[in-house]
Amino acid sequence: MTSTLAPIRFSVIGFGFIGQRHAEIIKGHPECTLVGICDIKAEKKAVAEAYGVPFFESAEELLEQVPEAEVICICTPNGSHTDLAMLALRQRRHLVIEKPMGLSKANCEAVLVKALQLSKQVFIVMQNRYSPTSIWLKDMVTAGHLGKIFSVQVNCFWNRDDRYYGSSDWRGSRKMDGGPLFTQFSHFIDILFWLFGEPEDFSCRFKNYNHQHNTEFEDTGHVLFRFPSGIIGSLNYSTSVWDKNFESSITIFGDKGTIKVGGQYMERIEYCHVEGYEAPELPPANPPNDYGPYKGSAANHHYIFENVVSTLRGKTTATTNGFEGMKVVEVIEEIYSQRLLY
């Protein structure tokens, strides 16, 4: 059924690969309309012209000259997310913020306070929650199929070499990138938080093996933690895998069974041995998106916009709200507080 309500009006700040993905989804959604695009790079204007909306080189200009935009999508480098969020909130706009919400808990908290003061919604893009395997994992945990859960292990081994870091001047800096847990692996920390709550009691080791020339942080890490429930866990990650991504996986052990979801993007059930339970045939994951030699997570962004529309229409609530986005940033910030010199 076609909605008789006026479309919700969006503008996009940051018109790189992800910003263009947002614009395409908005353009194709029957209850959304795109009314403005912003990017500091003037050459993006030619790309934006295809959308038939005004293009601006500053967020201030866009917010001032496109007052009809109800929702602002922030798709810029990580370190600018919270500043732009505050700018948009002062203009009384709802927010869709790409992960991570920010690079510090304090900045994210300021956004949340301002949003509450102005009764504005903050949606954080954590589209991996919508994948068939993530939904299955959530059901396995919440329904108690595994019994008492003892341990969880997450492994994320990807490739990010000169092809990636050489393609942009912000990648690799602590100020604007923040590190692989913010840029590459925050989705998987979000899945841990979504399944088990907030991890604590961290013990960490970090190493920069082959990115000294293009990053200001580690490329490999080993993190041990526990949850208040008593579950112990580990996160092992690296961006030093040669040539292409290897895997993203999560393994969960309980007293009634063991499950593992794996693949390059945690997109398939690799092992399921659970008492009185047979693994289902899950729908296929959406095909991953290519970014040059790098493939991103499955294209579940359209679910984000369906949730934004439904929430603003009063039909549901945000799938990943600002508080949850802040908690993921808080976890990463706590892990990185234990960085050792390498």
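Scroll up to find the structure.
Residues numbered from 1 in each chain as written. Predicted model: local features only at pLDDT ≥ 70, side-chain atom pairs only at ≥ 80, totals over all residues. Heavy atoms only, no water.

(A) Region of the structure containing the pairing of strand β11 (residues 247-254). Of all eight residues that make up β11, seven are buried, and the element is covered over most of its length. Bridging between β11 and strand β12 (residues 257-262) involves five bridges; their strand directions are antiparallel. Its bridge partner being in β12, Thr251 is matched across the sheet by Lys260. The antiparallel hairpin formed by β11 and β12 contains two residues in its connecting segment. (Buried < 20%, exposed > 50% of the residue type's maximum accessible area, 1.4 Å probe, protein only. Helix = DSSP H or I, 4+ residues; strand = E, 2+ residues; numbered from the N terminus. Pairing = 2+ DSSP bridges.)

(B) Local environment of empty space enclosed by the protein. This structure, assessed with the given rule, holds three cavities of 30 Å³ or more. One number sums up the size of the second largest cavity: a volume of about 40 Å³. Every residue lining the second largest cavity is listed: Ile189, Leu192, Pro199, Phe202, Phe225, Leu235, Val331 and Ile335. Elements represented by at least two residues in the lining of the second largest cavity include exactly α9 (186-196) and α11 (322-336). Looking at the lining of the second largest cavity, its residues break down into eight nonpolar, no polar and no charged. (1 Å grid on protein atoms, 1.4 Å probe; cavity = no way out; pocket = protein on both sides within 12 Å on 5 of 7 lines; lining within 4 Å. Points joined across faces, edges and corners; volume = space filled by probe spheres on them. Nonpolar A, V, L, I, M, F, W, Y, C, P; charged D, E, K, R; others polar.)

(C) Up close: the sheet that holds β11. With respect to topology, seven strands assemble into an open sheet ordered β8-β9-β10-β7-β11-β12-β13, the strand pairing being mixed. Each edge of the sheet is formed by a strand with only one pairing partner; in this case those strands are β8 (200-207) and β13 (268-274). Taken pair by pair, the neighbouring strands of this sheet meet at an average axis angle of 10 degrees, ignoring direction. Running over the sheet, helix α6 (residues 132-142) touches β7 (149-157), β11, β12 and β13 and is turned about 165 degrees from β12. Contacting β8, β9 (220-226) and β10 (232-238), α11 crosses the sheet at an angle of about 60 degrees to β8. (Axes fitted to C-alpha atoms, helices over the stretch in contact; angles between N-to-C directions. Contact = heavy atoms within 4.5 Å.)

(D) Up close: the nonpolar core. Counting 71 residues, the largest nonpolar core has Leu95, Met101, Phe196, Ile250 and Ile252 as its most contacted members. Every residue in contact with Met101, bar those within four places of it in the chain, is listed here: His81, Thr82, Cys108, Val111, Leu112, Val122, Ile124, Gly322, Gly325, Met326 and Val329. Grouped together as the second largest cluster of nonpolar side chains are 26 residues, Ile8, Phe55, Cys75 and Ala318 included. (Core = buried A, V, L, I, M, F, W, Y, C linked by side-chain atoms within 4.5 Å.)

(E) Molecular detail of unusual backbone geometry. Here the residue pair Lys99 and Pro100 is connected by a cis peptide bond, since its omega of -15 degrees sits within 30 degrees of zero. With a phi angle near 55 degrees, Asp201 is a residue other than glycine that sits in the positive phi range. By the secondary structure assignment, Asp201 is in strand β8. Relative accessible area serves as the criterion here: at 52%, Asp201 is assigned to the exposed category. For Met266, which is not glycine, the phi torsion reads 55 degrees and is therefore positive. Looking at the element boundaries, Met266 is found in the loop between β12 and β13. When its relative accessible area of 5% is taken as the criterion, Met266 is described as buried.

(F) Up close: the packing of aromatic side chains. By the definition in use, this model includes 14 aromatic pairs. Ring geometry for Tyr164 and Tyr165: centres 4.9 Å apart, planes at 85 degrees, overall edge-to-face. A relative accessible area of 8% places Tyr164 in the buried class. Looking at Tyr165, the relative accessible area reads 6%, which means it is buried. (Phe/Tyr/Trp six-rings, centres within 6.5 Å; stacked < 30°, edge-to-face > 60°.)

(G) Just the pattern of salt bridges, in detail. Overall, the coordinates contain 17 salt bridges when judged by the stated rule. A salt bridge links Glu198 to Lys327; the shortest N-O distance between them is 2.9 Å. Of this pair, Glu198 sits in the loop between α9 and β8 while Lys327 sits in helix α11, and the two are 129 residues apart along the sequence. Taking relative accessible area as the criterion, Lys327 reaches 10% and is therefore assigned buried. (Salt bridge = Lys/Arg side-chain N within 4 Å of Asp/Glu carboxyl O.)

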